[in-house]
Structures are given as C-alpha cells and as structure tokens.
Amino acid sequence: GCPVPPPPRSASPGAAEVRARCAQGACLVSCHRRLYDLSGFVRLHPGGEQLLRRRAGTDVSAALDGPPHRHSANARRWLEQYYVGDLEQVPPWAEPGPGWSPEQTDLCYKTVDVEKDLVDWQKPLLWQVGYLGEKYDEWVHQPVDRPIRLFHSDFLEFLSKTAWYVVFMVWTPVVLYLSWVSYTSLAQGNTRLFSSFTTEYSIPVHKYYFPFIFLIGMILWSLLEYLIHRFVFHMKPPASNYYLITLHFLLHGQHHKSPFDSSRLVFPPVPASLVIGFFYGVLRLLLPEVLGLSVFVGGLCGYVIYDMIHYYLHYGSPKKGTYLYGLKAYHVKHHFEHQKSGFGITTRFWDYPFRTLIPEESFKKED
C-alpha cells in the first residue's frame, strides 16, 4: 500500500457538513460513500481548475477518468491520501455512473498504513532505500504527497534543498555576465575556428555570431537534459547494488517518490555548481576558449529555463489549451503512469526521434 496515513477520519460527514465545507472553499469529492478533501492538491492537477468550478458535489469517477486525461493506478492510490471519512448516505451526485463496475475503483478502497511501509518515514530515507533491493523500483514509482528527509545532518539536508527563486537569483547574473564577456571577447576579432590545426583555412568567428552560438548552446542543453533524464535519472539500478540504488534515489528517485515536495524540484546551487563546472571544462577542451564560453553560457541559460519550467509544471496552473498546460499534463503522466517514456521537460521534441513519446491514447477518456 501507499506509505502515507490518511487524514483523521471524521464521524460519517453528512450532506449538511459537506455543503458547509464546500461553501468555505473546500474541494470535496466522493468515491461511492468515501469522501476525499482535495483542497490542498487540486490546483496542482492539470484539470484542477475545472474540478474547482464544479466542486460542490463532484463524483470522483468523473474527476478521475474524465478530461483532460484518464488516471492511472498510481493516481488512484494517490487519492487515498486525502480520505476524510464515509458519507452517511450516498447523495445523487455520488451514485455510480453508467457502466461503472466495482473493479474500476478497487484501488480507492486500499488502506494506507505508514507502519507497514518498506521504509521508516520518521528517519532519513537516503540510507534506507538501498536495502529495498528488487522492491526499490516499484516502491520509488508509487508517489506520495509528503516531504522527504534525506540526511541525518541538518547542514547536508539544508544543502539538498532550495526554493525555486534561488536558482534564478544565483544563475541569471552569471548568464548575463558571461554573455557580456563572450560578446566583447568575440568583438576583438581574435577568435578563429580550426586555428589549432591550420592558420590558412581557419574560420573567423565574429561578434555577430554570438546569438547563434548562444542558441546552439541552448539546443545542446535541451538534448543533454533529455539524455541525462532518460539514461541517468531513469536507469534501473541493480537490485543487489546498495550504492547504485542510493545514488539513484539521491539523483532522481526522491523526486518521483515525492513529486510535489516543493523544496526538491530544482537543483540546489552548491551541487549544481560542481556539475556546471564539469561541463564548462569539457567545452574548454573541445572548443576555442571564447567559443566554448559562448556555447556554455547558452547551455547555462537553457538550464535555468528548464528548472523554472519544471517547477511551474508541478506547482503552476497554466490555462487550458496553452503550451504549458499540455506540458504539465504530459509531465504528470510521466510521473504517475509512464515513467519509462515522456522524458522531455521543456519540450517533447526529443521524445519523437528517440521514440519515447507518451501515446496520445493515454490522454483520452476511457470508454
């Protein structure tokens, strides 16, 4: 079962209590006598705004399987975290709809018991997950709505978390400064391609090329983002290797286990600086200094945009029909149902040539 205890069960809330709580702004949904309070989560869902507009008396069978997309078994388990009690009687809007069968909602009735989970949530998780072995992959892809603590040390725990705006505040000035350095260096006219091999046929790189080189850096980052997400973050560590399981959880598994932990949605600046420094060193080895710097700063800008969009896809409420709305629905599908596909964050582009696109059928309502 899901390792999160439900909210305290109320004493069979009646219709009057339900109406009163809805009038106060609560978003309550029913699943055939079982009542769930989604007030704190509904705006994070791609279809949350629609659900809010009809929150007074919503049948969860419609909310779960209706537009903008049907929901997975993980989503049904996720719902159980918000259980608040059983209704005294089933009102008309909570009656099973046409074509409903008990098998469709069996997962709604699974109990949630933190005491029976595979890890102890009262202790840091990082040093526990490696012992899960062959159970780790299934466990880490059953998301929960609760914060994660990784380390015993308060200092290390602090370094492993960050608010979204810190990434913007730290790296945007770096992008602006390095862009100015790159442009002014190219303006001196001393940068040439292939100059280390030949002077006769070397190609001058003018300052007017800087925007295009910058754009190449952003495109390269977009590809790198996809490759890292797919082949590093979504590697399946060997069940017998404690250290690889621990590393996977540290890099990305924690995010899939708790996808709405707001302090762990962007890359903290301290560890990020080590990774960014590594890629800068690689570009310095492969390209002339100023040219490598120009590509690097474009990639760094792409990274900042990536982190901001990733945070927004989890916590924002984009308007239906917009590009970001489609990305949010796509990314939620990746978290809850298609963990082995849909690796693009800022764009689906690379999912096409690598054949990891989430099928359109997955977003359609079930018959």
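Owing to the predicted nature of the structure, the values given are computational and were not obtained by experimental measurement.

Chemist: I keep staring at helix α9 (residues 242-257) and nothing clicks. Help me out?
Modeler: Along an α-helix, a turn takes 3.6 residues, which lines up residues three or four apart on a common side. Its 16 residues give α9 an end-to-end C-alpha distance of only 18 Å, which falls more than 12% under 22 Å, the value for a rise of 1.5 Å per residue. Helix geometry: α9 is bent most strongly at L250, by close to 60°. What α9 keeps buried is the set I245, T246, H248, F249, H252, G253, Q254, H255, H256 and K257. N-capping of α9 is provided by N241, with a side-chain oxygen placed 3.1 Å from the backbone N of Y243.

Chemist: When you look at the pattern of salt bridges in this model, what are you seeing that I'm missing?
Modeler: For side chains of opposite charge, pairing can occur when their charged atoms come near one another. For the structure on display, the rule yields six salt bridges. In this structure, R264 and E157 form a salt bridge, with 2.5 Å as the shortest nitrogen-oxygen distance. In this pair, R264 sits in the loop between α9 and α10 (269-286) while E157 sits in helix α6 (residues 154-159), placing the two residues 107 residues apart along the sequence. Residue E157 is classed as buried on the basis of its relative accessible area of 4%. Here E337 makes a salt bridge to K333, at a shortest N to O gap of 2.6 Å. In this structure E337 comes out as partly exposed when scored by relative accessible area, which is 22%. Residue class for K333 comes out buried when judged on its relative accessible area of 3%. Three or more residues joined by partner-sharing salt bridges are found here, namely E157, K161, D261 and R264.

Chemist: I would appreciate a short explanation of the UniProt feature "binding site: Zn(2+)" (unreviewed entry) in the protein in the present structure.
Modeler: Mapped onto this structure's residue numbering, the UniProt feature "binding site: Zn(2+)" (unreviewed entry) falls at H229, H234, H252, H255, H256, H310, H314, H331, H334 and H335. Those annotated residues lining the largest pocket are, specifically, H229, H252, H255, H310 and H331. With respect to the helices, strands and loops of the structure, H310 is situated in helix α11 (residues 289-315). The contacts of H310, once residues within four sequence positions are left out, are H255, L265, H331 and I345. Only 3.1 Å separates the side chain of H310 from the side chain of H255, close enough to count as a polar contact. Note on placement: H334 falls in helix α12 (residues 323-336). Ignoring any residue separated from it by four or fewer positions in sequence, one finds H334 in contact with H229, H234, H256, Q339, S341, G342, F343 and I358. Looking at H334, its side chain comes within polar contact range of the main-chain oxygen of S341, at 2.8 Å.

Chemist: Honestly, the layout of surface pockets in this entry has me stumped. Any pointers?
Modeler: Gaps left between atoms are located by rolling a probe of water-molecule size over the structure's atoms. Volume-wise, the largest pocket comes out at about 1,200 Å³. What lines the largest pocket is a set of 45 residues, among which W221, F233, F267, V275 and Y303 lie closest to the centre. For the lining of the largest pocket, the secondary structure elements donating two or more residues are α6, α8 (210-233), α9, α10 and α11. Per-element accounting of the lining of the largest pocket gives the leading share, 11 residues, to α8.

Chemist: Would you mind going over the nonpolar core with me for this structure?
Modeler: Nonpolar side chains in soluble globular proteins generally cluster together in the buried interior. Membership of the largest hydrophobic core comes to 33 residues, with the highest contact counts inside it found for W171, I276, F296, L300 and Y303. Of all the elements in the fold, those that place two or more residues in this core are α7 (164-187), α8, α10 and α11. In terms of residue count, α11 provides more of this core than any other element does, 15 residues in total. Apart from the residues lying within four places of it in its own chain, the contact partners of F296 are L178, I276, Y280 and L283. With 15 residues, the next largest nonpolar core counts W121, V129, F151 and F249 among its residues.

Chemist: What should I look at first to understand α11 in this one?
Modeler: Given a rise of 1.5 Å per residue, 27 residues ought to cover 39 Å, and the 39 Å separating the end C-alpha atoms of α11 matches this to within 8%. Among the 27 residues in α11, 23 count as buried, and that is most of the element.

Chemist: Got a minute to help me understand the packing of aromatic side chains in this structure?
Modeler: Tallied over the full model, the rule gives 20 aromatic pairs. On the basis of an interplanar angle of 40° and a centroid distance of 5.9 Å, the ring pair of W139 and F249 is categorised as tilted. Of the two residues, W139 sits in helix α5 (residues 136-140) while F249 sits in helix α9, which places them 110 residues apart along the sequence. Accessibility expressed as a relative area gives 3% for W139, which makes it buried. Residue classification places F249 among the buried residues on the basis of a relative accessible area of 0%. Considering the side-chain rings of Y177 and W180, the 6.3 Å spacing of their centres and the 35° angle between planes classify their relative orientation as tilted. Here Y177 pairs with W180, and both are found in helix α7, just three residues apart, close to one helical turn. Of the two residues, Y177 and W180, both sit in the exposed class. The ring of W139 carries the charged tip of K257 above its face, separated from the ring centre by 4.3 Å.

Conventions we followed
- Residues numbered from 1 in each chain as written.
- Predicted model: local features only at pLDDT ≥ 70, side-chain atom pairs only at ≥ 80, totals over all residues.
- Heavy atoms only, no water.
- Helix = DSSP H or I, 4+ residues; strand = E, 2+ residues; numbered from the N terminus.
- Expected span 1.5 Å × (residues − 1).
- Bend = angle between axes of the 7 residues up to and from the residue.
- Buried < 20%, exposed > 50% of the residue type's maximum accessible area, 1.4 Å probe, protein only.
- Polar contact = N/O pair within 3.5 Å; in protein donor to acceptor, adjacent residues only side chain to side chain.
- Salt bridge = Lys/Arg side-chain N within 4 Å of Asp/Glu carboxyl O.
- UniProt positions renumbered as here; feature names shortened; annotations may be inferred.
- 1 Å grid on protein atoms, 1.4 Å probe; cavity = no way out; pocket = protein on both sides within 12 Å on 5 of 7 lines; lining within 4 Å.
- Contact = heavy atoms within 4.5 Å.
- Points joined across faces, edges and corners; volume = space filled by probe spheres on them.
- Core = buried A, V, L, I, M, F, W, Y, C linked by side-chain atoms within 4.5 Å.
- Phe/Tyr/Trp six-rings, centres within 6.5 Å; stacked < 30°, edge-to-face > 60°.
- Lys NZ or Arg CZ within 6 Å of the ring centre and 35° of its normal.

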